[in-house]
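# Remarks on the overall topology
Single-letter residue listing:
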Amino acid sequence: MGGLRTALSSKQGSKGSIHMKTPDGLDIQRGLESTLFSEIVDGIPVAALFIGDEDRITNANAAARMLFGEGLVGRHYIISMRHPGLLDAIEGTRRHRQTSRTRYIATRASGEVTYRVTVSPIANTSVLCVFEDITEQEQAGLMRRDFVANVSHELRTPLTSLLGFIETLQGAARDDAVARGRFLEIMAREAERMNRLVRDLLSLSRVESEERVRPRTSTDIVALVNTAATALRPTAEQSRVVLEVVGEEGPLNVPADSDQMMQVFQNLIENAIKYGAAGSCVTISVTRDNSNTQRLGPTVSIAVKDEGDGIDPIHIPRLTERFYRVDNHRSREMGGTGLGLAIVKHIINRHRGRFRIESRKGEGSTFTVILPQS
Ligand SMILES: Nc1ncnc2c1ncn2[C@@H]1O[C@H](COP(=O)(O)OP(=O)(O)OP(=O)(O)O)[C@@H](O)[C@H]1O
Ligand SMILES: [Mg+2]
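In short, a report on the structure. Note that the structure is a prediction, hence the values are computed from the model and not measured.

Attention now moves to the overall build of the protein. On a plain count of helices and strands, the protein comes out with 11 helices and 12 strands. On C-alpha atoms alone, the protein measures out to a radius of gyration of 31 Å, which is more than a quarter above the 21 Å that the 2.2 N^0.38 rule sets for 374 residues. With the principal axes as the frame, the protein shows a C-alpha extent of 100 × 65 × 35 Å. A burial count over the protein gives 43% of its 374 residues as buried. Carbon and sulfur atoms make up 51% of the accessible area of the protein, which totals about 20600 Å².

Four donors placed tetrahedrally around a metal ideally meet at 109.5 degrees, and six donors placed octahedrally ideally meet at 90 or 180 degrees. Those donors, Asn267 (OD1) and Asn271 (OD1), are the protein atoms that reach the magnesium ion (ligand 2), and they lie 2.2 to 2.4 Å from it. Taken together, the positions of Asn267 and Asn271, both in helix α9 (residues 258-275) and 4 residues apart, correspond to about one turn of that helix. Residue class for Asn267 comes out buried when judged on its relative accessible area of 13%.

Time to look at the environment of Ile284. Turning to its location among the elements, Ile284 is positioned in strand β9 (residues 281-289). Under the relative-accessibility criterion, Ile284 is labelled buried at 1%. Along the primary structure Ile284 and Asp306 are separated by 22 residues, whereas in three dimensions their C-alpha atoms are 8.9 Å apart. Sequence-distant contacts of Ile284, that is, excluding residues within four places in its chain, are made with Val225, Ala229, Leu243, Glu244, Val245, Val246, Ile269, Ile302, Ala303 and Val304.

Considering all chains together, one arrives at 9 aromatic pairs under this definition. Aromatic side chains Tyr115 and Phe131 sit 6.4 Å apart centroid to centroid with 85 degrees between the ring planes, which places their arrangement in the edge-to-face category. Placement of the pair is Tyr115 in strand β4 (residues 111-122) and Phe131 in strand β5 (residues 126-133), with a sequence separation of 16 residues. Judged by its relative accessible area of 10%, Tyr115 falls in the buried class. Judged by relative accessible area, Phe131 falls into the buried class, the value being 1%. In textbook terms, an aromatic cluster arises when at least three aromatic residues are bridged by ring pairs, as seen for Phe68, Tyr104, Tyr115 and Phe131.

With that settled, the discussion passes to unusual backbone geometry. Phi at Asp55 is positive, roughly 65 degrees, even though this residue is not glycine. On the basis of relative accessibility, which here comes to 24%, the residue Asp55 falls in the partly exposed class. In this structure, Phe323 is a non-glycine residue whose phi angle is positive, near 70 degrees. Within the element layout of this structure, Phe323 appears in the loop between β10 (299-305) and α10 (328-333). The class for Phe323 is buried, based on a relative accessible area of 8%.

The next subject is the pattern of salt bridges. This model, assessed by the stated rule, comprises 12 salt bridges. Between Arg95 and Glu91 there is a salt bridge whose closest N-O contact spans 3.6 Å. Of this pair, Arg95 and Glu91 both sit in helix α5 (residues 84-96), 4 residues apart, roughly one helical turn. Arg95 sits in the exposed class, given a relative accessible area of 58%. Between Arg350 and Glu210 there is a salt bridge, and its shortest N-O distance comes to 3.4 Å. Linking Arg350 in helix α11 (residues 340-350) with Glu210 in the loop between α7 (177-209) and β6 (218-220), this pair joins segments that are 140 residues apart in sequence. Members of the salt-bridge network, linked through shared partners, are Glu210, Asp257 and Arg350.

Let's shift gears to the sheet that holds strand β3 (residues 100-108). One open sheet holds the 5 strands; their spatial order is β2-β1-β5-β4-β3, and the pairing between them is antiparallel. The open sheet is flanked by β2 (57-60) and β3, the only strands paired with a single partner. Going across the sheet, the axis of each strand differs from the next one's by a mean of 25 degrees, ignoring polarity. With respect to the sheet, helix α6 (residues 135-170) is in contact with β3, β4 and β5, its orientation differing from that of β4 by roughly 120 degrees.

Let's shift gears to the site of ligand 1. Contacts to ligand 1 come from 22 residues, most closely from Asn271, Asp306, Ser331, Thr337 and Leu341. For ligand 1, an oxygen atom lies 2.9 Å from a polar atom in the side chain of Tyr275. Contact distances for ligand 1 include 2.8 Å between a nitrogen atom and a side-chain N or O atom of Asp306. Considering ligand 1 on its own, with 600 Å² of exposed area, one finds that the protein chains cover 95% of that surface. Elements with a contribution of two residues or more to the shell around ligand 1: α9, α11 and β12 (365-372). The element best represented in the shell around ligand 1 is α9, accounting for 5 residues. Taken together, the residues that form the shell around ligand 1 break down as 9 nonpolar, 8 polar and 5 charged.

Criteria and thresholds
Residues numbered from 1 in each chain as written. Chains lettered and ligands numbered in written order. Predicted model: local features only at pLDDT ≥ 70, side-chain atom pairs only at ≥ 80, totals over all residues. Heavy atoms only, no water. Helix = DSSP H or I, 4+ residues; strand = E, 2+ residues; numbered from the N terminus. Rg over C-alpha atoms; globule rule 2.2 N^0.38 Å. Buried < 20%, exposed > 50% of the residue type's maximum accessible area, 1.4 Å probe, protein only. Areas by Shrake-Rupley, 256 points an atom, 1.4 Å probe, with all protein chains shown as cover. Donors = N, O, S within 2.8 Å, 3.2 Å for Na, K, Ca; no water. Contact = heavy atoms within 4.5 Å. Phe/Tyr/Trp six-rings, centres within 6.5 Å; stacked < 30°, edge-to-face > 60°. Salt bridge = Lys/Arg side-chain N within 4 Å of Asp/Glu carboxyl O. Pairing = 2+ DSSP bridges. Axes fitted to C-alpha atoms, helices over the stretch in contact; angles between N-to-C directions. Near = heavy atom within 4 Å. Polar contact = N/O pair within 3.5 Å; in protein donor to acceptor, adjacent residues only side chain to side chain. Nonpolar A, V, L, I, M, F, W, Y, C, P; charged D, E, K, R; others polar.

See the structure below:
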């Protein structure tokens, strides 16, 4: 270890420190160890740096230099790493010769990056610091917690209402036939909301689990759009909305899972009816693009356009998040779970397609699905 320690306390650029000075070959040996050690630190697949005997950083791989800046090697570690938690962990390991762990958050142009830092004692006084980027793991954990909180909240609202009505029906309204009829109607609505939520959750989980399996069945997309429009015409009529399908006459076959694509068109058309203006028109246009403008090869686009209030641009990037609703109250009133567009996005991803949302406040919205023709 003595040789290693000497090598480690040597200054920057230890890779080139092979000198043939002594006849016994000791320097050659140390130089080789030093080169080997440098290569080990360079080969660690995450940011890693080594603090040697004299409190100086003697080795740092490229990822560590990206993190703390070039010129790191040879510097006192306190100057390079000013984060108190990180310095405490290094001090602790140096003093007690035990591995310590901490978190380090770096601010980048793209946002914050979180690292799990492991500081390990090496030889008598040196330490090795390894930085693992755990940003994605942390975000996934956060999303999972948010998701569970959202599901619980969405289920609790109708459940609380159901429990309240059951209690009233068992007590005060026991013999009131009129109240009973009205309450049962509300209870049926609330139960239906819970049913829809569970159905959408199952659908989302199924779509997610199949996302990597590309659909191969050849499906006539024009026929599918027409079937979805026909199924929703009665709903449109109730809102005095005219549904129009224009463009390609078909048949126009693309590889697609017909049940899932039906779900996509139904949700988009239903949204256009729900959030479009009463007495207006919803246009669904199917167009074929044989050039390669989307870099998907030849494509088919299905655009669902409404004449509603439109969506504020700040909401657009978030619409496909689970449970994201522009107007919570309005969406709930209309029986929406806020999962529709999240399901749409996953289905389109599975089909290697693209999804575009364009909207202007006061001018309506257009939701476009772009699918590769083969
Ligand atoms: N055509 C549209 N015009 C205006 N806002 C829209 C339109 N489509 C969707 N939105 C907004 O996007 C939100 C998310 O839509 P999404 O389809 O995911 O949920 P939902 O329609 O509320 O419920 P669900 O589809 O699960 O029954 C809606 O709550 C609404 O605020
Ligand atoms: Mg919807």
